[in-house]
Amino acid sequence: MKRKIGIYLGVNSIGGTVVVNKKVVETATFDLSSVEDEASVENLNDEVRWEALINKLLRQLGVDETEVNLSIADRDFVLRSFEMPLMRKKEIDASIVYEAEKFIPFKIDEIQWDYGFYRSLKDKKVKISFVSMQEDRYQQFQKIFSHLGITPAVIEPSFLSVVRNLKSLKQVSQVKDFAVLDFTSLEAYITFFNNDLPVFNRYLAMSSVETVEIDKLVEAVRMSFQYFNREFGSADINKLFVLCSPAYGDFITALKEEVQVEVEFITPQEFLPQASPAVEDVKALGVAGIDYLPYKFKPVLKKAGAPVEEEEEIDHAPIKVVEFVPLRWGLFFGIIFMTAMAYLFISLIMGNNVNNKLYDLKQAYSKLEIPTKLAKYETDELRRVDSKGVYSQYDWKDIEKDFQGLTKRIDILKGHLEGQKAVSGALEKVSTLRSDGLWFERFSLRTESGKLVSDIEGMVFLGDPFQEDLSLDAYIMKLENDPEIMKLFAKVDKEMVSSRNVRKYNVTSFKIKLR
């Protein structure tokens, strides 16, 4: 099995992790003071010093690979969050560079960048998280590793490496809006996530754990929350995850008292089996596990106008789902038309039967000739006379039975019609509740053990598997919360979800059962 090497480069420290078959087999952490020539320790831009430190780390890890994944200190990146009108992925790609230049302090051709996004149907907006690094700094990291005969396959900000680990924990996996605070030896960062995408990041300068000023650090965190709430008021952040060593216990206690959100303390031991792992090791683990750890935003830094890989061309290709529109609407209106025709057919048949019976009754009634001497009697008296055989040619009991039978059949007909209306209303909701990018391929309606059952099969295409999953989940949630659907079906199950290639486009295929 190919080994995965993750390396974290911090402000004055470095960490490394070796992973084989998703298991950590080696870790190591050093700071600049561990290399020789102490006089150059403070020169953080000295490439020779960093090369020596990285080389020492690689020897300690026993690395002879020529490719590694890099996690870089957050302050080497620029993170910006902004909105664009609701549009397709291709349209975002075409306009993103012009929008981003409004929010970043550099020209677009001076940076390496990538972005993540999600669509807010409620606001009719696309929310963008734009991650970038200055070109000079990016080339500096490339140069350092090229001198060691190594190519960085991945370069990402460490807040993504951290959240990738956190998302592997059960208590974090389902949280979408949250903040993360992490500490290494002489640096701290706080990052805010909205709908699982990073939107704001701040570097908190600090001294060592032995001399940390708790009050100032707590105040810096509190001010960060105030700024975030002011600038991103639509995001409801009520959870803060703090990743640091147990040595910061006093700080955690003070933080819980001052910050008006739930604070959860997480140590590096949650992720690494070593006796005393460092946060640097956790960040190295996060970038080493980029292919298997459960976090979907994986930016690939590039220059504006750079060619994309084949896989990206699929995502960025023109959205030709127009070809499928007749299929989904044709299917839906076909179902509605057939239901309406069945409704009309039943109505005509049952209505004709009722009219025929009423006609027979009118004809029989018109033939009745009541003698003058009996005209003054009421119906009950006529029945008594008839029971004595005086007027037996008129079968009143049969007429009454026919009338009662017709009344029951009319009630049954009304019940059938109401049932048809309920089914028709539910079928209409199946389509009107449809979420973005979703269309239908097959629909069936039947009874099983006396209960109504429906299968809905279709596909979702948004150019992004993550957004397609969200759209499908939103559709299922709408079905579960709709009163007309719930009148007929007690449960909505997602029976199948898979990736499928349709006309050279990757789509998400699904099957939903209503029962």
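Fair warning: this is a prediction, and the values are worked out from it, not measured in the lab.

Reading the values: the criteria
Residues numbered from 1 in each chain as written. Predicted model: local features only at pLDDT ≥ 70, side-chain atom pairs only at ≥ 80, totals over all residues. Heavy atoms only, no water. pLDDT = per-residue confidence, 0-100. Contact = heavy atoms within 4.5 Å. Helix = DSSP H or I, 4+ residues; strand = E, 2+ residues; numbered from the N terminus. Buried < 20%, exposed > 50% of the residue type's maximum accessible area, 1.4 Å probe, protein only. Pairing = 2+ DSSP bridges.

### Observations concerning the confidence of the model for the chain
In this model, the chain carries a mean pLDDT of 80, and residues with pLDDT of at least 70 account for 75%. Within the model, the stretch residues 308-327 combines pLDDT values under 50 with 28 contacts to residues more than four positions away or in other chains. Across residues 384-394, confidence stays below pLDDT 50; counting only partners more than four residues off in sequence or on other chains, it has 12 contacts.

### A short note on the environment of Thr267
Mapped onto the elements, Thr267 comes out in the loop between strand 13 (262-266) and helix 8 (279-288). Residues Thr267 and Cys244, 23 residues apart in the sequence, show an inter-C-alpha distance of 5.4 Å. Among all residues touching Thr267, those that are not within four sequence positions of it are Leu243, Cys244 and Pro246.

### Quick notes on unusual backbone geometry
Located in the positive-phi region is Asn21, a residue other than glycine, with phi close to 55°. Take Asn21: it is sitting in the loop between strand 2 (13-20) and strand 3 (23-31). Take Asn21: its relative accessible area is 49%, and that puts it in the partly exposed class. Backbone geometry places Asn195, a non-glycine residue, at a positive phi of 55°. Looking at the secondary structure, you find Asn195 in the loop between strand 10 (187-194) and strand 11 (197-205).

### A short note on the pairing of strand 15 (residues 451-460)
The side chains of a regular strand alternate between the sheet's two faces. Strand 15 sits mainly inside the fold: 7 of its 10 residues count as buried. Two successive antiparallel strands, strand 14 (residues 438-448) and strand 15, enclose a turn made up of 2 residues, where Ser449 displays a positive phi of approximately 55°. In this structure, strand 15 lies alongside strand 17 (residues 505-514), joined through 7 bridges in antiparallel fashion. In the strand pairing of strand 17, Ile456 is matched with Ile512.

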